[in-house]
Amino acid sequence: MDNRSIGVFDSGLGGLTAAKEIMDLFPNESIVYFGDTGRVPYGTRSKETILKYTYSDIRFLLSHDVKMIVIACGTASSAALPHIKDEFSVPIYGVVDAAGYAAVRATKNGRIGIIGTSATIKSGAYTEYIKAHRPGTATFESACPLFVPLVENGHFDTQLTELVVEEYLSGIRSAGVDTLILGCTHYPLLQKAIARYMGNDVTLISPGREVSRFLKKKLDESKRHSPERDKEQYRYYVSDSVEQFEELGGIFLEKEIDGQVSRIDIEKY
Ligand code: DGL
């Protein structure tokens, strides 16, 4: 038993797709969430910058004495995690292996699409996982740099979203994939538009949902579940506007988070 919080971070709102699953799966667990809204997007930055941001995000969460950290960001998971995972005293889990595992299990025709930020696609991390665990699988990748700004500005399912979805996904759709990894945690927020475009026969894999399932295994194995609920169960921190995060985060989480979000200076960490 360990009643310390689980630390979760992302460049912004996207990691809430993991936080929400964790809340649903583990009603007793407390979460410290950090959305680096002052430095979003990560996905268009160099590997060095992503690494630097990831270090400071982890240091911030460690200052809250978390028992484990979930990198709820495809970009930081693929570009930074492999370099840092053994450097810290708490376990750190990323989304790539969890989503890759789910995709390999889901595909029937051995054709998997992968969408993500430019940095994630450049890293080749998802494809590497898939080829290692299901040799012979064909993967089709597309970087979707406009998806994150669409989400951060609340365009979850508008005409603009539809246009951009078609632009980025037409190649993958015509490749005949039966499984699509939404390789960035922001993308499940565009799920309706993506699902409509790809059709009912394509399974969409959400990295946030998959990493929560993976976490269940880890919590069970290490017996570090929280025995009871904390009064201040969920705390959210951002590095820019509190109001915008409260508004959009609240819509996504389907509950008010007003008054639970604080702004911090991430440059100090
Ligand atoms: N949610 C992040 C990811 O999963 C978004 C990256 C970004 O800020 O560009 O990759």
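This text follows the structure it describes.
A brief structural summary. (Residues numbered from 1 in each chain as written. Predicted model: local features only at pLDDT ≥ 70, side-chain atom pairs only at ≥ 80, totals over all residues. Heavy atoms only, no water.)

**Side note on the nonpolar core**
The tendency in soluble globular proteins is for nonpolar side chains to be buried side by side.
At step 1: Counting residues in each nonpolar core, the largest one holds 70 residues, and the members touching the most others are I115, F147, L180, I194 and Y236.
At step 2: Looking at this core element by element, the count peaks at seven residues for helix α5 (residues 96-106).
At step 3: When residues no more than four places from it in sequence are discounted, the contact partners of Y236 are L16, M23, Y33, F245, L253, K255, I257, Q260, V261 and S262. (Core = buried A, V, L, I, M, F, W, Y, C linked by side-chain atoms within 4.5 Å. Buried < 20%, exposed > 50% of the residue type's maximum accessible area, 1.4 Å probe, protein only. Helix = DSSP H or I, 4+ residues; strand = E, 2+ residues; numbered from the N terminus. Contact = heavy atoms within 4.5 Å.)

**Brief notes about the site of the ligand**
At step 1: The environment of the ligand is formed by 14 residues, the closest being S11, Y42, G74, T75 and H186.
At step 2: In the model, an oxygen atom of the ligand is placed 2.5 Å from a nitrogen or oxygen of the G74 main chain.
At step 3: A distance of 2.6 Å separates an oxygen atom of the ligand from a polar atom in the side chain of T75.
At step 4: Within the complex, the protein chains bury 99% of what would otherwise be the 300 Å² of accessible surface of the ligand.
At step 5: Tallied by class, the residues present in the shell around the ligand amount to six nonpolar, seven polar and one charged. (Near = heavy atom within 4 Å. Polar contact = N/O pair within 3.5 Å; in protein donor to acceptor, adjacent residues only side chain to side chain. Areas by Shrake-Rupley, 256 points an atom, 1.4 Å probe, with all protein chains shown as cover. Nonpolar A, V, L, I, M, F, W, Y, C, P; charged D, E, K, R; others polar.)

**Brief notes about the pattern of salt bridges**
At step 1: Within the structure shown, the criterion is met by 15 salt bridges.
At step 2: Put simply, R4 and D2 hold a salt bridge, and the shortest N to O gap is 2.9 Å.
At step 3: On the basis of relative accessible area, R4 is assigned to the partly exposed category, the value being 26%.
At step 4: In this structure, R213 and E210 form a salt bridge, with 3.3 Å as the shortest nitrogen-oxygen distance. (Salt bridge = Lys/Arg side-chain N within 4 Å of Asp/Glu carboxyl O.)

**Remarks on the packing of aromatic side chains**
At step 1: In total, this model carries 11 aromatic pairs according to the counting rule given.
At step 2: Seen from their ring centres, Y55 and F88 are 6.1 Å apart, and the 50° between their planes marks the pair as tilted. Residue Y55 is located in helix α2 (residues 47-62), and its partner F88 is located in the loop between α4 (81-84) and β4 (92-93); the two are separated by 33 residues in the primary sequence.
At step 3: Relative to Y269, the ring of F60 lies with its centre 5.1 Å away and its plane at 80°, an arrangement referred to as edge-to-face. Taken together, the positions of F60 in helix α2 and Y269 in the segment after β10 (261-263) put the pair 209 residues apart, joining distant regions of the chain.
At step 4: Each member of the aromatic cluster is reached from another via a ring pair, and the members are F34, F60, Y237 and Y269. (Phe/Tyr/Trp six-rings, centres within 6.5 Å; stacked < 30°, edge-to-face > 60°.)

**Things to note about the pairing of strand β1 (residues 6-10)**
A regular strand places its side chains so that they alternate between the two faces of the sheet.
At step 1: Of all five residues in β1, five are buried, a share of seventy percent or more.
At step 2: Here β1 shows a buried face lined by I6, V8 and D10 and a second buried face lined by G7 and F9.
At step 3: Where β1 meets strand β2 (residues 31-35), five bridges bridge the pair, whose relative direction is parallel. When the bridges of β2 are listed, D10 appears paired with G35.
At step 4: Once the chain exits β1 it traverses helix α1 (residues 16-25) before rejoining the sheet at β2, and the crossover so formed is right-handed.
At step 5: With four bridges joining them, β1 and strand β3 (residues 68-71) adopt parallel strand pairing. Bridge pairing in β3 places F9 opposite I71. (Pairing = 2+ DSSP bridges. Right-handed = clockwise from strand over helix to strand, strands pointing away.)

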